[in-house]
Amino acid sequence: MTSNDHLVPVVAYARISADLARDAHGVKDQHKINDETAAKLGWRIVHHYTDNDLSAAKADLVRPDFEAMLKVLKAGRLPDGRAVRGAVVVADDRLVRRVGDYERFVDALTFEDGRIYADAKGLKDLYNEDVESMGLFGVVISKAEVRKIRRRTRRSHRRRAEQGIPVGGKRPFGWEDDKRTLHPEEAERLAQAARDVIAGKSLHSILAKWREEGVQTVHGNPWGSRSLKLALWNPRLCGWRKHNGELVRNADGVPVVGQWEPIITPKEWMAIDALFSARVRLNIKADGTVTDYRTPSYLLTGILRCGKPQGDGQICNAPMRVSARPDLSGGYVYQCPSRSMGGCGGSGRNGAKVDEYVTEAVLARLEERAAVKQQEDSEWGGAEELERLGKKQRAMLQKWQEDLISDELFFPENHKMEVRIKELRKERTEHALRAQRASKVTADVRERWFAGDLDLAQKRALIREALHAVIVLPVGGGGRRPFNPDLLVLRWTEG
Ligand SMILES: [Zn+2]
C-alpha cells in the first residue's frame, strides 16, 4: 500500500513517430507530461504504454502497446487484475495512426460508464458527442448514439438478435461460405419469400411451404416464424447493414452498401421493413411479447365492428367474431361477442353475404384508386426537403466544427433537423411501401381475386388497404330480415 492508492487508476500512452509534424516530444517527454497531467487531476498512472513507429519498417505495422491498451481499457483492468478507469495522452494525435484508431480508442474507453480521459490540455469527456466529432467527422455523431445503445444493452444484459445478424461466424442463409456469393437455390427462396411478404402473404403460409419442402436453416434446423422473419428483415438482403437496430449510413445519411451480392432491391427491403415495423407496433403486448401473425380464417374478422348503440349513446364497437350457423346460407355469421368477452352480444349478420358485399365494394374502390394512381406522379413529395435539410445540416456541422457557431446554438438546432430528417425518411419508406403495393394492386385485382391467385392473408391485406373498419348497424325489430347492405357502414382509408 502506498499513499496514493486513493487516486483514480489510469493508463498512459506515448507514441514516437516521424510523421507527426509537430512531434517535439520524445518518449521520456511524453511520459513526463502524462505524469503531470495525471497528478493535476488526482489520477495515478498504473501503466505506461509506449509504441515506437520509427522502428516500424512497414506502414501498416500494428502498434502492440496501443492494441494492448485497448484491451485493458475495454476490460477495465490490467492483466494482473488491477483496475483501470481511464487514460492519459499528450494529445489526440498520439492515438491516431490509421483511420479508425481514434474511433477504436473511444469505443474501448467508453465501453463502460464513468471512464475518464485527459490530454495535456486537461480533462475531456469522450462520452460527449462534441468531443467525438474530433474523430471521423460526420459519422461520429451516430456512432456516439450507437455507443450509448451498446452500453445500455450491456448494462441490462439484454442482447437480442433482432438485427438478424448471423451468430457464430456461420454463413447467412442465401449466401455461400464466403458470405459474398449467392447460394442460388437459397437466394431464390429468400427473394420469392420477400416478394410474397410484400404482396401480403403471411409468414405462416410461406413457412408451411418451406417446411413441406424440407428447407432447413444453415444450422440444419427447421425454419420458425421468428427465424424467417429475421432473415427477411435483415437489410443484408439488399446489400445494407444494420448496427444496433439502425442502418449503417455514411455521412450523407445514405446506407452503406456491403461487399456481398444482394438478393432483393433496397426498395423491396424497405417495403418489408415498413411492413414488419408496422406489425411490431400493432402486435406488441403489454408484457413485451410479440404475437405471431396467424391468418384468421375469415375474410372480415377484426374489420367488422358492432354498431349497436349502448346506454351512453356510443356504439358498442367490439370486433365481431365468426360462429358457425349450418342452418343459414353460407353457414356462418359474424357476431358481436358476449359481454364477458368484451362485446354486447347484441348484433349478428350473415357471414357469406357480408363478405360478398364488402368484397365487391373494396374491389371497386381498389380499381378506382389504381386508375387514379396510374395518372398521379408516383414521385415522393418530400425528396426536396430531405435533400435541403441534409445539406443544411452538413453545412451547420461544418460551421460548428470550425467553431463558427456555439454548442448552445448547434445542438438544439441539429437535433431539430435530425428529428425532421428521421420523419422524412420514415415517410419515404412508407411511400416506397405504398408504391410497391400499388404496383401489385393493379387494375387486374378483380381477376386475381376470383382466379384464386390471392390467399386469404393477401385478400385481408388488400381489404385493410382500403378499409379501416366496417360498422354493422343493428337490424332493428324482431325476426329475420332480408340482408340490407345499407346497414353496413364502410370506413374507407385515405388515398
Ligand atoms: Zn356489440
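Residues numbered from 1 in each chain as written. Predicted model: local features only at pLDDT ≥ 70, side-chain atom pairs only at ≥ 80, totals over all residues. Heavy atoms only, no water.

**What about the overall build of the protein?**
Then, number 1: When its secondary structure is counted, the protein shows 14 helices and 13 strands.
Then, number 2: A separation threshold of at least 6 residues defines the contact pool for the protein, and within that pool the share at least 24 residues apart is 63%.
Then, number 3: Only carbon and sulfur atoms are counted for the fraction: they give 52% of the accessible area of the protein, which is about 27200 Å². (Helix = DSSP H or I, 4+ residues; strand = E, 2+ residues; numbered from the N terminus. Contact = heavy atoms within 4.5 Å. Areas by Shrake-Rupley, 256 points an atom, 1.4 Å probe, with all protein chains shown as cover.)

**Structural notes on the sheet that holds strand E12 (residues 467-472)**
Then, number 1: Taken in spatial order, the three strands line up as E8-E12-E13 in an open sheet, and their pairing is mixed. Bordering the open sheet on either side are strand E8 (304-306) and strand E13 (488-492), each of which pairs with just one other strand. Taking each pair of neighbouring strands and ignoring which way they run, the sheet shows an average axis angle of 25 degrees.
Then, number 2: Of the pairings in the sheet, the one linking E8 to E12 comprises three bridges and is parallel in character. Its bridge partner being in E12, Arg 305 is matched across the sheet by Ile 471.
Then, number 3: Taken strand by strand, helix H14 (residues 456-466) contacts E12 and E13, and its axis lies near 90 degrees from that of E12. (Pairing = 2+ DSSP bridges. Axes fitted to C-alpha atoms, helices over the stretch in contact; angles between N-to-C directions.)

**Observations concerning a negative patch on the surface**
Then, number 1: Together, Glu 402, Asp 403, Asp 407 and Glu 408 make up a negatively charged patch on the protein surface.
Then, number 2: Secondary-structure assignment places Asp 403 in the loop between helix H11 (383-401) and helix H12 (407-440).
Then, number 3: On the basis of relative accessibility, which here comes to 69%, the residue Asp 403 falls in the exposed class. (Patch = residues over 30% accessible without salt bridge, like charges linked within 9 Å, V, L, I, M, F, W, Y side chains within 5 Å. Salt bridge = Lys/Arg side-chain N within 4 Å of Asp/Glu carboxyl O. Lys, Arg positive; Asp, Glu negative; His and termini not counted. Charge placed at Lys NZ, Arg CZ, Asp CG, Glu CD. Buried < 20%, exposed > 50% of the residue type's maximum accessible area, 1.4 Å probe, protein only.)

**With respect to the sheet that holds strand E4 (residues 116-119)**
Then, number 1: Read across the sheet, five strands follow the order E2-E1-E3-E4-E5 without closing on themselves; strand pairing throughout is mixed. Two strands lie at the open edges of the sheet, namely strand E2 (43-52) and strand E5 (122-124), each paired on one side alone. Recorded for the sheet is a direction-independent mean angle of 25 degrees between the axes of neighbouring strands.
Then, number 2: Alignment of strand E1 (residues 8-16) against strand E3 (residues 86-89), held across three bridges, turns out to be parallel. Of the residues in E3, the one forming a bridge with Val 11 is Ala 87.
Then, number 3: Lying on the sheet, helix H1 (residues 27-41) is in contact with E1, E2, E3, E4 and E5; it crosses E2 at an angle near 160 degrees.
Then, number 4: Sitting on the sheet, helix H2 (residues 64-75) is in contact with E1, E2 and E3, with an inclination near 145 degrees to E2.

**Side note on the coordination of the zinc ion**
Then, number 1: Bound to the zinc ion are the protein donor atoms Cys 306 (SG), Cys 316 (SG), Cys 336 (SG) and Cys 344 (SG), situated 2.2 to 2.4 Å from the metal.
Then, number 2: Considering all four donor atoms around the zinc ion, the spread of angles at the metal, 104 to 113 degrees, places the coordination shape in the tetrahedral class.
Then, number 3: Mapped onto the sequence, the donors of the zinc ion take the spacing C-x9-C-x19-C-x7-C. Placement of Cys 306 in strand E8 and of Cys 344 in the loop between strand E10 (332-335) and strand E11 (348-350) is noted, with a sequence separation of 38 residues between them. Per residue, the accessibility class of Cys 306 equals that of Cys 344, and both read buried. (Donors = N, O, S within 2.8 Å, 3.2 Å for Na, K, Ca; no water. Tetrahedral: all angles 85-135°; square planar, octahedral: opposite > 155°, others 65-115°.)

**Details of the pattern of salt bridges**
Then, number 1: Per the stated rule, a full pass over the model turns up 17 salt bridges.
Then, number 2: Glu 186 is the partner of Arg 171 in a salt bridge, and the nearest nitrogen-oxygen pair spans 2.9 Å. Separated by 15 residues along the polypeptide, Arg 171 in the loop between helix H5 (140-156) and helix H6 (184-198) and Glu 186 in helix H6 bring together distant segments of the chain.
Then, number 3: By relative accessible area, Arg 171 is classed as buried at 17%.
Then, number 4: Owing to a relative accessible area of 11%, Glu 186 belongs among the buried residues under this scheme.

**Some words on the packing of aromatic side chains**
Then, number 1: A complete count under the given rule lists eight aromatic pairs for this structure.
Then, number 2: Where Phe 173 meets Trp 210, the ring centres are 5.8 Å apart and the plane angle is 35 degrees; that geometry is what we call tilted. With Phe 173 in the loop between H5 and H6 and Trp 210 in helix H7 (residues 203-212), the pair connects residues that are 37 residues apart, well separated along the chain.
Then, number 3: Taking the relative accessible area as the measure of exposure, Phe 173 reaches 9% and is therefore buried.
Then, number 4: We classify Trp 210 as buried; its relative accessible area is 4%. (Phe/Tyr/Trp six-rings, centres within 6.5 Å; stacked < 30°, edge-to-face > 60°.)

**Observations concerning the confidence of the model for the protein**
Then, number 1: Looking at the protein, the pLDDT average stands at 77 and 76% of residues meet or exceed 70.
Then, number 2: For the protein, helix H4 (residues 129-132) is the element with the lowest average pLDDT, namely 40, and E3 is the one with the highest, namely 94.
Then, number 3: Below a pLDDT of 50 lies the segment residues 129-142, which in the model reaches 39 contacts outside its immediate sequence neighbourhood of four places, other chains included. (pLDDT = per-residue confidence, 0-100.)

**Considerations on the nonpolar core**
Then, number 1: Counting 33 residues, the largest nonpolar core has Trp 210, Leu 232, Ile 264 and Trp 269 as its most contacted members.
Then, number 2: Of all the secondary structure elements, the ones that give two or more residues to this core are H6, H7, helix H8 (225-233) and helix H9 (266-283).
Then, number 3: If one sorts the elements of this core by residue count, H6 sits on top with seven residues.
Then, number 4: Ignoring any residue separated from it by four or fewer positions in sequence, one finds Trp 210 in contact with Phe 173, Arg 189, Leu 190, Ala 193, Val 215, Trp 223 and Leu 228.
Then, number 5: The next biggest cluster of nonpolar side chains, apart from the first, holds 29 residues, and it includes Leu 299, Cys 316, Trp 449 and Ala 466. (Core = buried A, V, L, I, M, F, W, Y, C linked by side-chain atoms within 4.5 Å.)

**Some details on the packing of H7 against H8**
Then, number 1: Interaxial distance between H7 and H8 falls to 10 Å at its minimum, and their mutual angle equals 105 degrees. As the angle between them shows, H7 and H8 are arranged roughly perpendicular. Taken together, the residues of H8 that come into contact with H7 (itself represented by Leu 203, His 204, Ile 206, Leu 207 and Trp 210) are Ser 225, Leu 228, Lys 229 and Leu 232.
Then, number 2: Looking at the contact of H7 with H8 residue by residue, the class counts come to six nonpolar, two polar and one charged. (Parallel < 35°, antiparallel > 145°, perpendicular 65-115°, else oblique. Nonpolar A, V, L, I, M, F, W, Y, C, P; charged D, E, K, R; others polar.)

**Some points on H1**
Then, number 1: Between its first and last C-alpha atoms H1 spans 21 Å; for 15 residues at 1.5 Å apiece the expected length is 21 Å, and the two agree.
Then, number 2: Burial in H1 covers these residues: Gln 30, Ile 33, Asn 34, Thr 37 and Ala 38. Taken down its axis, H1 places every buried residue within 135 degrees of arc, on the same side. Within H1, the exposed residues directed more than 90 degrees away from the buried face are Lys 28, Lys 32, Ala 39 and Lys 40.
Then, number 3: Those residues of H1 that are buried lie in contact with E1, E2, E3 and E4. (Expected span 1.5 Å × (residues − 1). Arc of directions from axis to C-beta.)

**Points about the side chain of Asp 196**
Then, number 1: Residue position: Asp 196 is located in helix H6.
Then, number 2: As a buried residue without a salt bridge, Asp 196 has its nearest oppositely charged side chain in Lys 201, at a separation of 4.1 Å.
Then, number 3: Residues within four places of Asp 196 in sequence aside, it is in contact with Lys 201 and Ile 206.

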